[in-house]
Amino acid sequence: MADRDSDRFQVRTGRTRDGGAPVNLRALPFVRQVEIAIRRQGGNPNRMGASSAGKGSGRFNARGRGGKVATALPKDGGGWRQDESGVRFRSRRVVVKGRVVKLPGRGKGTTGRGQKFVTTSKAVDAHLRYLQRDGVTSDGEKGRVYSAVDEEPDGKAFIERGRGDRHQFRFIVAPEDAAEMEDLRSFTRDLMRQMETDLNTRLDWIAVDHHNTGHPHTHILVRGVTDDGKILNIAGDYIAHSIRHRAGELVERELGLQSEIEVARKLANEVGAERLTRLDRMLIAEQQEHDLVDLRPNASDSYTISSNRYLLIDRAKTLAHFGLANEIEPGRWVVSDRAESTLRALGERNDIIKTMHRALEEHGLAHERGPAQYATHRGTITEPVVGRVLAKGLAGDEMSDKLSLVIDGVDGRTHYVETADAAKLDDIPRPYRGA
């Protein structure tokens with residue numbers, strides 16, 4: 001009986017979890033060997049075979065102009081490259097946010113990810129007005145609108161031309177190294193010319209550069225029409241990936257590729273950040289694949305993990321301080337499932353605090369109102385807020401029509417209020433500028 005039972009027992013080998021002897025790669029399945037090889041070169045095996053027609057590309061992603069271009073261009077910035085001497089370089093990083101805004105009287109609209117976003121005529125006007133608000137330029141002046149050829153065209157004329165359009169595209173383009181670039185305006189015009197080539201149509205657009213944060217960036221508004229007056233539909237994959245790739249090419253052309261040393265220096269600045277960082281994404285991705293993050297020497301087969309091990313250890317300790325990670329044994333970590341959402345919320349909160357502090361500083365009140373006196377009212381206001389207005393502007397990532405107020409309250413607190421109704425803010429007097 002024992003012999004018959006033993007015949008039924010089958011040994012199935014799996015991934016080593018004790019960190020003992022190294023795994024024999026040749027003994028692993030072929031697909032697994034390919035994934036390991038890709039990671040060692042700094043790539044992402046989860047994107048193998050991804051295309052506009054593949055998994056994850058639905059009707060909003062694959063249809064529209066630029067779809068073929070999106071298929072041909074890499075979605076991860078191209079990864080690492082080597083020169084003849086073997087030195088590794090990486091493309092410059094550019095953050096691009098895009099939104100498709102359905103204009104009034106045209107029914108419901110959707111973004112490339114299927115999210116509905118419908119605006120009003122007054123909100124469209126308000127959005128441009130707040131993009132041009134005081135204090136957004138490098139010298140603290142009002143934002144200046146420009147287009148393909150005009151230095152300061154009438155932004156209102158652009159809005160009027162688009163009154164009958166079905167939708168409008170809004171983009172924020174933020175090169176990581178924008179502070180080192182000579183001119184954001186020339187960069188933006190080069191990017192829009194490249195987009196016109198990719199989309200095979202001239203574009204009617206205006207832009208405003210913002211220097212009021214630690215990361216200079218550009219807001220771009222594009223009419224949703226082609227040069228022959230037809231409706232312009234841009235493929236979601238092009239918006240999500242290709243604009244970022246084209247922008248990265250332009251920054252690379254001006255500043256050159258960045259070396260491993262430069263990348264490591266930038267990542268080191270993220271170790272103590274109170275927001276979601278690239279280091280966090282590395283940790284989360286590693287845990288999703290292996291159920292934990294093993295940061296012991298030579299424990300991971302991922303080049304990204306092994307090459308940034310010391311930075312990831314320091315970041316994991318930071319997350320542990322936030323209560324978002326736990327070292328279950330020396331060198332092996334578990335990241336909380338709520339880490340990503342918590343860090344995003346923390347980053348948004350810090351952005352609000354910076355906005356409030358900047359408004360107080362502009363009016364000489366920063367020494368009188370500390371963070372302990374800050375009060376935020378984002379979703380609802382449970383009680384009346386009485387005081388003088390210090391600042392008015394776009395809320396959040398400045399992509400939507402949600403507006404914000406910073407109020408020096410009579411209760412001795414500084415209040416931050418958000419509203420999606422532009423009319424409410426238009427009825428409030430201009431910000432108090434002091435004596």
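Analysis parameters
Residues numbered from 1 in each chain as written. Predicted model: local features only at pLDDT ≥ 70, side-chain atom pairs only at ≥ 80, totals over all residues. Heavy atoms only, no water. Phe/Tyr/Trp six-rings, centres within 6.5 Å; stacked < 30°, edge-to-face > 60°. Helix = DSSP H or I, 4+ residues; strand = E, 2+ residues; numbered from the N terminus. Buried < 20%, exposed > 50% of the residue type's maximum accessible area, 1.4 Å probe, protein only. Lys NZ or Arg CZ within 6 Å of the ring centre and 35° of its normal. 1 Å grid on protein atoms, 1.4 Å probe; cavity = no way out; pocket = protein on both sides within 12 Å on 5 of 7 lines; lining within 4 Å. Points joined across faces, edges and corners; volume = space filled by probe spheres on them. Nonpolar A, V, L, I, M, F, W, Y, C, P; charged D, E, K, R; others polar. Salt bridge = Lys/Arg side-chain N within 4 Å of Asp/Glu carboxyl O.

Asker: In this structure, what is going on with the packing of aromatic side chains? I would like to understand it.
Answerer: Within a pair of aromatic rings, the relevant descriptors are the distance that separates the centres and the angle that separates the planes. Tallying each qualifying case throughout the model produces two aromatic pairs. With a centroid separation of 6.3 Å and an interplanar angle of 85°, the aromatic rings of tyrosine 146 and tryptophan 205 are classed as edge-to-face. Of this pair, tyrosine 146 sits in strand S4 (residues 145–146) while tryptophan 205 sits in strand S6 (residues 205–210); the two residues are 59 residues apart in sequence, bridging distant segments of the chain. Tyrosine 146 gets classed as buried once you look at its relative accessible area, which sits at 0%. By relative accessible area, which is 3% here, tryptophan 205 ends up buried. Between the aromatic rings of phenylalanine 169 and phenylalanine 171, the centroid separation amounts to 6.4 Å while the plane-to-plane angle is 5°, which identifies the pairing as stacked. Across the pair, exposure class does not vary: phenylalanine 169 and phenylalanine 171 are buried alike. Between arginine 309 and the ring centre of tyrosine 310, over which it is positioned, the NZ or CZ distance is 4.7 Å.

Asker: What exactly am I supposed to notice about empty space enclosed by the protein here?
Answerer: Rolling a probe over the atoms, with the probe sized like a water molecule, indicates the empty space that remains. According to the stated counting rule, one finds one cavity of 30 Å³ or more in the structure shown. Volume-wise, the largest cavity comes out at about 30 Å³. His127, Arg170, Phe171, His219 and Leu221 are the residues nearest the centre of the largest cavity, which is lined by ten residues in total. When contributions to the lining of the largest cavity are tallied by element, the ones reaching two or more residues are helix H5 (121–131), strand S5 (167–175) and strand S7 (217–223). Here the lining of the largest cavity is composed, by residue class, of six nonpolar, two polar and two charged.

Asker: Is there a simple way to think about the pattern of salt bridges in this case?
Answerer: Pairs can form between side chains of opposite charge whenever their charged atoms are close. Per the counting criterion, the structure on display carries 25 salt bridges. A salt bridge links arginine 413 to aspartate 411, with the shortest nitrogen-to-oxygen separation between them at 3.2 Å. Since its relative accessible area comes to 30%, arginine 413 is described here as partly exposed. On the accessibility criterion, aspartate 411 (43% relative accessible area) is partly exposed. In this structure, a network of salt bridges that share partners links the residues Arg92, Arg93, Glu176, Asp177, Glu262, Lys266, Glu270 and Arg278.

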